[in-house]
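Architecture and fold: a report
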Protein chains: 2
Amino acid sequence: MEEKLKQHIQKLVPLTDHEFVKVLSYFSFENYGKKDFLIRQGEKVNHCYFIVSGLLKLVLVDQDGKEHIISFAMEDWWESDFSAYFMQTNASMALQTIEPTSVYALPLENYHALSSAFPKMQCFFLMKSNLGHIASQNRIVSFLTSDAKGRYEQLLKTHPALFQRVPKTLLASYLGVSRETLSRLSS
Amino acid sequence: MEEKLKQHIQKLVPLTDHEFVKVLSYFSFENYGKKDFLIRQGEKVNHCYFIVSGLLKLVLVDQDGKEHIISFAMEDWWESDFSAYFMQTNASMALQTIEPTSVYALPLENYHALSSAFPKMQCFFLMKSNLGHIASQNRIVSFLTSDAKGRYEQLLKTHPALFQRVPKTLLASYLGVSRETLSRLSS
DNA sequence: TTATAATTGTGATGTATGTCACACTTGAAC
DNA sequence: GTTCAAGTGTGACATACATCACAATTATAA
């Protein structure tokens, strides 16, 4: 499981075993069961997470009590309420497991310490952030250019595994359509 | 106009005058008229841009020839087709001026050179990227949680100036609704 | 100025999608 | 196994929004 994080970082920046051991010391390893909260809406956000295994949802509950899925987070992803994490404000969304999940957690102080101690890691975080920004923009594009059916088909193509692992209600919420409409699209 | 960039950077990282002069040398200053293209869909993307003055649209034309506005870019913003810029692929969207515009352009080689020569600048880019990621995620949230009217009112609250500077057709395209619907919302 | 294009408002109508209701199935807990 | 909750499909109906059409107004250029 250390290997997972090591290989993940090494895909973008070279890192000796010795360096990695030091890098790893900035993180803490944590295990969660099903439906556990890593972040609760309205509370402080102390960590961002690298997901070793499992599956989570980044979710926002609106005034009407309706749940909206901003993102699913799976193996090899980084997730948090990044706005609340970086700005040190209260979480506007929750991060909750769908399946039992193992993560490496990185406190904000350590994020900064790690970035200054290892320029390579700052470079790594920069690349990750750029990729995250691009991914979000693609999602915006899919809202602008596609209707429910188009977005459904894109998701089916890019993340077929999700349709096995996640209840349709959650997929519908991620796509921005009602459960019923999604059901009709897939039949 | 150098001042604009200097103050913008100094809002996030401290920089001596001497350092800034060196930083500035990585950029080239460019002027554009109305409706000029900085990036054309399908072509290589060589620069990202800091906007000193003016107004642009980041826009995608789909198969049906319909135009979708991913983003407006105004003074003090950074813009590009970041996916194409970083991955060195062809642009999936165009960047075009709405008003006459002045920018500082940064070639990708210089982006990397600047980041290694000035750790502070890498830190700056990291913060900017994080903020960009967060902004995109907020836009996604607005698509998930709000209908056309809600998104219209949010935009009116956060960027009232746009309603003076930009034709309603473009605002509609940004909001993901038809021109006619936007017209009815505002009356 | 005059001519032409760009921008905007508004009615009539079609369609995609949401909402409510209910039944059926599947899986989890005791 | 029995029980209960979670997940799913589908009909009937309501509604938000798109599309098409046209007129009116405002910029832009010759």
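As shown above, the structure is provided for reference.
Remember, predicted model here, so these are calculated numbers, not experimental data.

Rules used throughout
Residues numbered from 1 in each chain as written. Chains lettered and ligands numbered in written order. Predicted model: local features only at pLDDT ≥ 70, side-chain atom pairs only at ≥ 80, totals over all residues. Heavy atoms only, no water. Near = heavy atom within 4 Å. Polar contact = N/O pair within 3.5 Å; in protein donor to acceptor, adjacent residues only side chain to side chain. Helix = DSSP H or I, 4+ residues; strand = E, 2+ residues; numbered from the N terminus. Nonpolar A, V, L, I, M, F, W, Y, C, P; charged D, E, K, R; others polar. Contact = heavy atoms within 4.5 Å. Buried < 20%, exposed > 50% of the residue type's maximum accessible area, 1.4 Å probe, protein only. Axes fitted to C-alpha atoms, helices over the stretch in contact; angles between N-to-C directions. Parallel < 35°, antiparallel > 145°, perpendicular 65-115°, else oblique. Left-handed = near helix turned anticlockwise from the far one by under 90°. Salt bridge = Lys/Arg side-chain N within 4 Å of Asp/Glu carboxyl O. Least-squares fit on C-alpha atoms with pLDDT ≥ 70 in both.

Let's talk about the protein's contact with DNA strand D
Near DNA strand D lie 19 residues; those nearest to it are A:Lys168, A:Arg179, A:Arg184, B:Ser178 and B:Thr181. Here DNA strand D approaches the protein such that, of its atoms within 4 Å, sugar and phosphate make up 45%. One of the side-chain N or O atoms of A:Arg179 is found 2.9 Å from a base oxygen in DNA strand D. Within the side chain of A:Arg184, a nitrogen or oxygen atom sits 2.5 Å from a base nitrogen of DNA strand D. Elements with a minimum of two residues in the surface near DNA strand D: helix H8 (168-175) and helix H9 (179-185) of chain A together with helix H9 (179-186) of chain B. Across the surface near DNA strand D, the residue classes tally to 3 nonpolar, 6 polar and 10 charged.

Here we look at the side chain of A:Ser71
Residue and element names in this part refer to chain A. Mapping serine 71 onto the fold places it in strand E4 (residues 67-74). A polar contact of 3.1 Å, which involves the side chain of serine 71, links it to the side chain of glutamate 79. When neighbours within four sequence positions are excluded, serine 71 is seen to be in contact with Leu56, Lys57, Leu58, Glu79 and Tyr174.

Observations regarding H8(A)
Residues and elements named next belong to chain A. Counting buried positions along H8 yields 6 of 8 residues, so the element is predominantly enclosed. Considered for burial, the residues of H8 that qualify are Leu170, Leu171, Ala172, Ser173, Tyr174 and Leu175. A positive phi of about 80° marks glycine 176, the residue just after H8.

Side note on helix H6 (residues 148-158) of chain B
Within H6(B) the residues assigned to the buried category are B:Ala148, B:Gly150, B:Arg151, B:Tyr152 and B:Leu155. On its buried side, H6(B) packs onto helix H5 (119-145), helix H7 (162-165), helix H8 (168-175) and H9 of chain B.

Points about the packing of helix H5 (residues 119-145) of chain A against H5(B)
Between H5(A) and H5(B), the shortest axis-to-axis distance is 8 Å and the interhelical angle comes to 25°. Taken together, the axis directions place H5(A) and H5(B) in an arrangement best described as roughly parallel. The crossing of H5(A) and H5(B) is left-handed. Across the contact of H5(A) with H5(B), the residue classes break down as 14 nonpolar, 12 polar and 2 charged.

A look at the protein's contact with DNA strand C
Around DNA strand C there are 18 residues in total, and A:Ala148, A:Ser178, A:Thr181, B:Lys168 and B:Arg179 lie nearest to it. A breakdown of the atoms of DNA strand C within 4 Å of the protein gives sugar and phosphate a share of 44%. Note that a phosphate oxygen of DNA strand C is positioned 2.4 Å from one of the side-chain N or O atoms of A:Thr181. Elements supplying a minimum of two residues to the surface near DNA strand C: H9 of chain A together with H8 and H9 of chain B.

Brief notes about the interface of chain A and chain B
Across the boundary between the two partners, chain A contributes 33 residues, which contact 33 residues of chain B. For the pair chain A and chain B, the interface holds 0 salt bridges. Inspection of the chain A/chain B interface yields 7 residue pairs in polar contact (both at pLDDT 80 or more). Counting only elements with at least two residues in the side of chain A that touches chain B, the list comes to strand E3 (47-61), E4, helix H3 (82-87), H5 and H8 of chain A. It is H5(A) that provides the largest number of residues to the side of chain A that touches chain B, a total of 19 residues. Grouping the amino acids of the side of chain A that touches chain B by side-chain chemistry returns 20 nonpolar, 12 polar and 1 charged.

Topic: the relation of the copies chain A and chain B
Each copy of the sequence occupies a distinct position, and chain A is placed on chain B by a rotation of 180° and an axial shift of 0.0 Å, giving an RMSD of 0.0 Å. Such values leave the two copies arranged in the relation of a two-fold axis. Within chain A, the C-alpha atom positioned nearest to the axis of rotation is that of A:His133, 2.1 Å from it. The share of interface residues of chain A whose copies in chain B are also at the interface is 100%, consistent with both copies meeting through the same surface.

A word on the pattern of salt bridges
Counted according to the given criterion, the structure contains 14 salt bridges over all chains. The salt bridge involving A:Glu3 is made with A:Lys6; its shortest N-O contact spans 3.6 Å. Separated by 3 residues within a single helix, A:Glu3 and A:Lys6 lie in helix H1 (residues 2-10), roughly one turn from each other. The shortest N-O distance in the salt bridge between B:Asp17 and B:Lys6 comes to 3.1 Å. Of this pair, B:Asp17 sits in helix H2 (residues 17-24) while B:Lys6 sits in helix H1 (residues 2-10), and the two are 11 residues apart along the sequence. A residue is classified by how much of its surface remains accessible, and B:Lys6, at 12% relative accessible area, is buried.

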